[in-house]
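So you can see what is in the structure, the chains are spelled out below.
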Amino acid sequence: MPHYIRGRKVKKAERKKREPESRKLRRRPPDLHRWIRFFSIASILLVGMLILTFVTALNHYNTYPGKVKRDSISSPGRGSDYIIVSWDEARNADVYKVWYREDVPEEEAAEAGAASDEEEEEELVIDDSWTELETDVPEITVGDLKKNASYSFVVRADSKEKEGTLTGPRSFRTKRTQEIKGGGMITKFTFSEPFSMDLSAETDLMYETADPEVAVVDPETNKIKITGAGETEITATARSSSKFESASKTVSLRVIDSYPVSAGGASAHVIYHLSPDNCEVAKGITGAGGAVIPQGLAYTGDKYIVVYGMGSPNRVISFDVDGDGKEVSVPKVSMGHPNGFAYCDETGLCYCAKGWTSKVYTYDPASGSYGTQNLAYGCSGIGYDRKEKLLYTCSRTAMVAYDMADGFSVKYSCGVVKHSGKTYTQDCGGHAGIMLRCLSGSSKHGTNYIDIYDMKNGRYLGTISCDLSEVESCIVNKDGFLEILANNSSSVDYIWKTDLNIETLGEGLGS
C-alpha cells in the first residue's frame, strides 16, 4: 500500500515535471498580483474623482453666471447726450450690472500716466466715481451725458445666487451736435434758374420740398428747381455720422410770379404787395434840429444814415441812427432838396442828389467834410450795390449803373417803364445786380411803388406796391432783405423790414 501511494506520488511528481512551458509562463509572482490590485483600485478612485469633478463643474456651470467678454461690448447707437451699450448674452444671467463714468481728459490722463508708466496695472476697482445701472437684457441706454465726451463702461452678469466677474472697461464717445448754417428765407421769380442752397453743415446735406407745385429737388444735382408761384418750405437735413448727430433746418421759399421784359417803354405791372401785415418795423426815427421830413436812407452795413430836408433853402441834416441817433454837421452850401442819398463802403462816402442833378454832393461821416462828384447823367435818386460795387442812379427817363472803380464810368443803363396815373420818382437802392426805383403815387401817403430792374440785361422785372405811407428811399440790409424808409407825416417815421430777400432774388436771373 505505501508503495502504491509512493508510486502515485512518484507519478504525480513525474506529471509535474512533464508540464508544458506555456503553463509555466502563465504563472505570476505574488508581487505582480499586488500591483494589479493597486492599479485596479486606483483606476476606480480616479474615475470616481473624474465623475465628482465633472459633477462639481456641471453644478458650478449651472449655478454661476457666465462672464461677459469685454470684446463683445459695443455701441450700436449714440447721440449727443446718450450712448447705447450692448454685449453678448451670458449664461445663467438674471441681471446685468453696468457701471460707467466719464473718462479723464487726455491732458490729465497723460499727466497721471507719466507718474505710473513703470507701475504694474492695478485691478479695476469700482468706487464712487462710477455710476451703477442694471438691466435684465444685454443692452442698455445711458442718458444725460455730456456731448462730445468719452465714457468708460464695465459690465457684470449676475445670477440670483451668485455675482459674476467684471469685464475690463470699454470707452465710447458721445456725438457732437451740428448746426446747419445759412439763411432762413429765399425769394425767387418763377423764371429764376435752378439754384443751390446756400447752407453748410459738418456732414452732407439732403433737401426736400413741401410743395412740388412750387419747387422740387433735382436728384442728380441736388439743386432746387422752381415749378410755380407760391410759398413752400425746403427742409435741409444733415446726415448722421460716427462723430455728429443728424440736424435739420427749414428754409422758407417765396416764388413771385413774374416775367422779364425790355425796360424801355414797357408798362408797369404789380407782382407783389407790401403792407404792415408782411413787414416789421426795423427802427423808428425822429429828426433833430427842426428836421421833420426824412428824404433819403443810407446803410453802412451795421447802421443807418437818414437825411432830412429842412428850412429854406433846403439843407442836409444827416442823422446817424445808432441807438438814439446823433445829429451831425449841416453843410454851409445849399444842397437843395435831398431827394437821393446813399453810402458807399468802397469809398467811405455818402452821396446826395437834390431834386434833379448831374452833380452830387459827397459827405464823409468820419471827418464831417463835404465835396462833389460829377456824373454822366442827371438823376433824382441814388443808391449803392454793395455786392456788385456799383452806384445806381434813377430819374424819370433812365436808370444808370456807374463803375466806381473805373472813375464812375457808365457800366449799364436802361429806360424806365410807364405807370398809369401820376407818379413821382423818389430815391433808389439796389443789390446783387437788381436796381430798386422808389415812386410815390398821386396820393403820396397812399399806395406807393418800387420798380425792379435787372441792370445787367436792361430788363424790367415787375413792380412792388406798398401801403406803408410815402416811400422815400430803400436799402438792402446785411442779411439781403429789402428795407424801406417811409415818411408818415408824423413825429415818428419808420424804417420797415420787408419779407423780400433781394440777395437771393438777384441770383439766377438768366439773360
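Please refer to the structure higher up on the page.
Residues numbered from 1 in each chain as written. Predicted model: local features only at pLDDT ≥ 70, side-chain atom pairs only at ≥ 80, totals over all residues. Heavy atoms only, no water.

### Thoughts on the sheet that holds strand β3 (residues 95-102)
Stated precisely, the cut-off is as follows: Strand pairing requires that DSSP identify at least two bridges connecting the strands. A run of DSSP states H or I qualifies as a helix once it reaches four residues; a run of E qualifies as a strand once it reaches two. Both are numbered from the N-terminal end. Lines fitted to the C-alpha atoms define the axes, with helices restricted to the stretch that makes contact. Angles between their N-to-C directions range from 0 to 180 degrees.
What the 4 strands build is an open sheet, ordered β4-β3-β6-β7; its pairing is antiparallel. At either margin of the open sheet sits one strand with a lone partner, and together these are β4 (131-135) and β7 (170-173). Neighbour-to-neighbour, the strand axes of the sheet open up by a mean angle of 30°, direction not taken into account. Note that strand β6 (residues 150-158) and β7 share 4 bridges and pair antiparallel. In the strand pairing of β7, S152 is matched with S171.

### Focus: the sheet that holds strand β11 (residues 205-209)
One open sheet accounts for 4 strands, arranged β9-β15-β14-β11; its pairing is mixed. Every interior strand has two partners, whereas the edge strands, β9 (185-189) and β11, have only one. Across the sheet, the axes of successive neighbouring strands diverge by a mean angle of 25°, strand direction being ignored. Inspection of the sheet shows β11 paired to strand β14 (residues 230-238) by 5 bridges, in the antiparallel sense.

### Topic: the nonpolar core
When a protein is soluble and globular, its nonpolar side chains tend to lie buried together. To keep it simple, the criterion reads: Among the buried residues, those of types Ala, Val, Leu, Ile, Met, Phe, Trp, Tyr and Cys that are joined through side-chain atoms within 4.5 Å form a nonpolar core. For each residue, the accessible area found with a 1.4 Å probe, counting protein chains only, is set against the maximum for its type, and the residue is called buried under 20%, exposed over 50%, and partly exposed in between.
L274, L436, I450, L482 and I484 are the most contacted members of the largest nonpolar core, which has 26 residues in total. The set of elements that each furnish at least two residues to this core consists of β17 (270-274), β32 (434-440), β33 (448-454), β34 (459-466), β35 (470-476), β36 (481-487), β37 (493-501) and α5 (502-505).

### Quick notes on empty space enclosed by the protein
Any empty space left between atoms is shown by rolling a water-sized probe over those atoms. We count it as follows: Residues are said to line a cavity or pocket when one of their atoms sits within 4 Å of a point; the points come from a 1 Å grid over protein atoms alone, cavities being sets where a 1.4 Å probe fits but cannot get out and pockets being open sets with protein on both sides within 12 Å along at least five of seven lines. Grid points are joined across faces, edges and corners, and a volume is the space filled by probe spheres set on the points. Each residue is assigned to one of three groups, with Ala, Val, Leu, Ile, Met, Phe, Trp, Tyr, Cys and Pro labelled nonpolar, Asp, Glu, Lys and Arg labelled charged, and all others, Gly among them, labelled polar.
Evaluation of the coordinates by the stated rule reveals 2 cavities of 30 Å³ or more. Its volume calculated, the largest cavity comes out at about 120 Å³. Taken together, 16 residues line the largest cavity, and the ones lying closest to its centre are Y299, Y343, Y384, C474 and I475. Contributing elements (two or more residues each) for the lining of the largest cavity: β19 (293-299), β23 (340-344), β27 (381-385), β31 (424-431) and β35. Classifying every residue of the lining of the largest cavity by side-chain character gives 12 nonpolar, 3 polar and 1 charged.

### Here we look at the packing of aromatic side chains
Both the distance between ring centres and the angle between the ring planes are used here to describe each pair of aromatic rings. As a reminder, the rule being used: Each aromatic pair joins two rings of Phe, Tyr and Trp (for Trp, the six-membered one) with centres within 6.5 Å, and gets the label stacked for planes under 30 degrees apart, edge-to-face for over 60, and tilted for any other angle. By definition here, charges over rings are those cases where NZ of Lys or CZ of Arg is within 6 Å of the ring centre and within 35 degrees of the ring normal.
In this structure the tally under the stated criterion is 10 aromatic pairs. Look at Y299 and Y304: their rings are 5.5 Å apart centre to centre, the planes differ by 45°, and that puts the pair in the tilted class. Per residue, the accessibility class of Y299 equals that of Y304, and both read buried. One aromatic cluster is present, built from ring pairs that chain together Y100, Y151, F153 and F172. The side chain of K188 reaches across the aromatic face of F195, ending 4.7 Å from its centre. The ring centre of F481 lies 5.0 Å from the NZ or CZ of K497, which sits over that ring.

### Digging into the state of the cysteines
What counts, and what does not: Throughout, disulfides are identified as pairs of cysteine sulfur atoms within 2.5 Å of each other.
Within the structure shown, the criterion is met by 0 disulfides. No disulfide involves C438; its sulfur sits 3.7 Å from that of C474, the nearest cysteine.

### Some words on the pairing of strand β1 (residues 74-78)
Relative to strand β2 (residues 83-86), β1 is paired through 3 bridges, and the arrangement is antiparallel. Paired with G77 across the bridge in β2 is I84. Hairpin geometry of β1 and β2 is characterised by an intervening segment of 4 residues between the two adjacent antiparallel strands.

### Observations regarding the environment of G430
Where we set the bar: In what follows, residue pairs with any heavy atoms lying within 4.5 Å of each other are defined as contacts.
The residue G430 is located in strand β31 in this model. Residue G430 is classed as buried on the basis of its relative accessible area, which comes to 6%. In sequence terms G430 and E388 are 42 residues apart; their C-alpha atoms lie 9.5 Å from each other. Contact partners of G430, with chain neighbours within four places excluded, come to Y384, D385, Y392, M435, L436 and V476.

### Digging into the pattern of salt bridges
Worth spelling out the cut-off: By definition here, a salt bridge exists when the distance from a side-chain nitrogen of Lys or Arg to a carboxyl oxygen of Asp or Glu is within 4 Å.
Taken as a whole and assessed by the stated rule, the structure comprises 12 salt bridges. Close ionic contact of D345 with K389 constitutes a salt bridge, the shortest N to O distance being 3.9 Å. Within this pair, whereas D345 is found in the loop between β23 and β24 (349-353), its partner K389 is found in the loop between β27 and β28 (390-394), the two being separated by 44 residues in sequence. For K389, a relative accessible area of 36% gives the class partly exposed.

### Let's talk about the side chain of T167
Following the sequence through the fold, T167 ends up in the loop between β6 and β7. Sequence-distant contacts of T167, that is, excluding residues within four places in its chain, are made with V68, K69, R70, I73, L124, V154 and V155.

### Let's talk about unusual backbone geometry
Phi angles above zero are rare outside glycine, and N148 is one such case at about 50°. Residue placement: N148 occurs in the loop between β5 (139-142) and β6. Within the chain, N222 stands out as a residue other than glycine whose phi angle is a positive 65°. You can call N222 partly exposed: its relative accessible area is 30%.

### Describing the pairing of β32
By the criterion of burial, β32 is predominantly enclosed, with 7 of the 7 residues buried. Burial of the side chains of β32 extends over both faces: I434, L436, C438 and S440 are buried on one face and M435, R437 and L439 on the other. Inspection of the sheet shows β31 paired to β32 by 6 bridges, in the antiparallel sense. The partner of G429 across the bridge, within β32, is L436. With 6 bridges joining them, β32 and β33 adopt antiparallel strand pairing.

### Some details on the layout of surface pockets
Quantified by volume, the second largest pocket comes out at close to 390 Å³. In this structure, the second largest pocket is lined by 23 residues; those nearest its centre are G183, D198, N501, E503 and T504. At the level of secondary structure, the elements contributing two or more residues to the lining of the second largest pocket comprise β9 and α5. Top contributing element to the lining of the second largest pocket by residue count: β9, with 3 residues. Tallied by class, residues from the lining of the second largest pocket come to 7 nonpolar, 9 polar and 7 charged.

### Observations concerning the side chain of D454
Our working rule: Under this definition, polar contacts are N or O atom pairs within 3.5 Å; protein pairs additionally need one hydrogen-donor-capable and one acceptor-capable atom, and for neighbouring residues in sequence, both atoms have to be side-chain atoms.
Relative to the elements of secondary structure, D454 occurs in strand β33. Its relative accessible area of 3% is what places D454 among the buried residues. A distance of 2.7 Å separates a polar atom in the side chain of D454 from a polar atom in the side chain of N457. Ignoring sequence-local partners within four residues, the contact set of D454 consists of G433, R459, L461 and L509.

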